[in-house]
Amino acid sequence: MLFHCVREAGRAVAAGWRWPHFSIAELACRCGGRFCGGEYWHDAAFLDGLEQMRADMGAPLFITSGHRCAGWNAAVDGAPLSMHKQLAADIRLAGHDRFALLSAAERAGFAGFGLARSFLHIDRRARPARWFYPGSETVWTI
């Protein structure tokens, strides 16, 4: 469900918030008001998956990008059909074993995996997909 700003989302979902390691603000659009008021896409199954990944990893997950409004997605050269325009997360790899993080994401039910040098993109698309970002293939091969 799309909320137009963090405050609106907070009022709507705060009473039932059950994801202690994540916040609306860290998953909301980060355009800083240039294109939207901080849109947030709420998806309980997605958040359940993030919590499961964090538990599996036994360490914090740092989200570098969550939902993006259409304007912000275009400004950061996101794909026109990017899952970030609904809900996806880019998780910083620093401090994590990249293969363990990918395995945790698979176990948590995510289906879209973008393999980058410094982050792992995850989403819950209908059909599984996996891709390498430019220059990342060598760090993801054994």
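Predicted, not measured: the structure shown is a model, and the values here were computed from it.

> Please explain the packing of helix α3 (residues 44-57) against helix α5 (residues 98-107) as it appears in this structure.
Axis angle and axis distance: for two packed helices, these are the angle between their axes and the distance between the axes, and together they describe the pair. Relative orientation of the contacting elements α3 and α5 amounts to 140°, with a least axis distance of 9 Å. Classified by the angle their axes make, α3 and α5 are oblique. You can see that α3 and α5 cross each other, and the crossing is right-handed. Of α5, the residues touching α3 (which contributes Q52, M53, D56 and M57) are A100, L101, A104, A105 and R107.

> What exactly am I supposed to notice about the layout of surface pockets here?
Taking a probe equal in size to a water molecule and rolling it over the atoms shows the remaining empty space. What the largest pocket holds in volume is close to 190 Å³. Here the residues of the lining of the largest pocket are counted per class, giving six nonpolar, four polar and four charged.

> Can you help me understand the pairing of strand β5 (residues 112-115) in this one?
Consecutive side chains of a regular strand alternate in pointing toward one face of the sheet and then the other. Alternating residues of β5 divide into G112 and G114 and F113 and L115, and every residue in both groups is buried. Here β5 pairs with strand β6 (residues 119-123) via four bridges, running antiparallel. Following the sheet pairing, G114 is matched in β6 by H121. Between β5 and β6, which pair antiparallel in sequence order, lie three residues. Here β5 pairs with strand β7 (residues 129-132) via four bridges, running parallel.

> For this particular structure, what's the right way to read the pairing of β6?
In terms of burial, β6 is a largely internal element, five of the five residues being buried. Taking every second residue as pointing to the same face, both faces of β6 are buried, with F119, H121 and D123 on one and L120 and I122 on the other. Strand direction decides the pairing type here: strand β4 (residues 88-92) and β6, joined by five bridges, are antiparallel. Bridge pairing in β6 links A89 to I122.

> Even after reading the chapter, I still don't get the pattern of salt bridges, so can you show me in this structure?
A side chain with one charge can pair with a side chain of the opposite charge if their charged atoms come near. Applying the stated criterion to the full structure yields five salt bridges. Between R18 and D48 there is a salt bridge; the shortest N-O distance is 3.0 Å. Taken together, the residues span a long stretch of sequence, with R18 in the loop between α1 (6-13) and α2 (24-27) and D48 in helix α3 at a distance of 30 residues. Residue classification places D48 among the partly exposed residues on the basis of a relative accessible area of 33%.

Calculation notes
- Residues numbered from 1 in each chain as written.
- Predicted model: local features only at pLDDT ≥ 70, side-chain atom pairs only at ≥ 80, totals over all residues.
- Heavy atoms only, no water.
- Axes fitted to C-alpha atoms, helices over the stretch in contact; angles between N-to-C directions.
- Helix = DSSP H or I, 4+ residues; strand = E, 2+ residues; numbered from the N terminus.
- Parallel < 35°, antiparallel > 145°, perpendicular 65-115°, else oblique.
- Left-handed = near helix turned anticlockwise from the far one by under 90°.
- Contact = heavy atoms within 4.5 Å.
- 1 Å grid on protein atoms, 1.4 Å probe; cavity = no way out; pocket = protein on both sides within 12 Å on 5 of 7 lines; lining within 4 Å.
- Points joined across faces, edges and corners; volume = space filled by probe spheres on them.
- Nonpolar A, V, L, I, M, F, W, Y, C, P; charged D, E, K, R; others polar.
- Buried < 20%, exposed > 50% of the residue type's maximum accessible area, 1.4 Å probe, protein only.
- Pairing = 2+ DSSP bridges.
- Salt bridge = Lys/Arg side-chain N within 4 Å of Asp/Glu carboxyl O.

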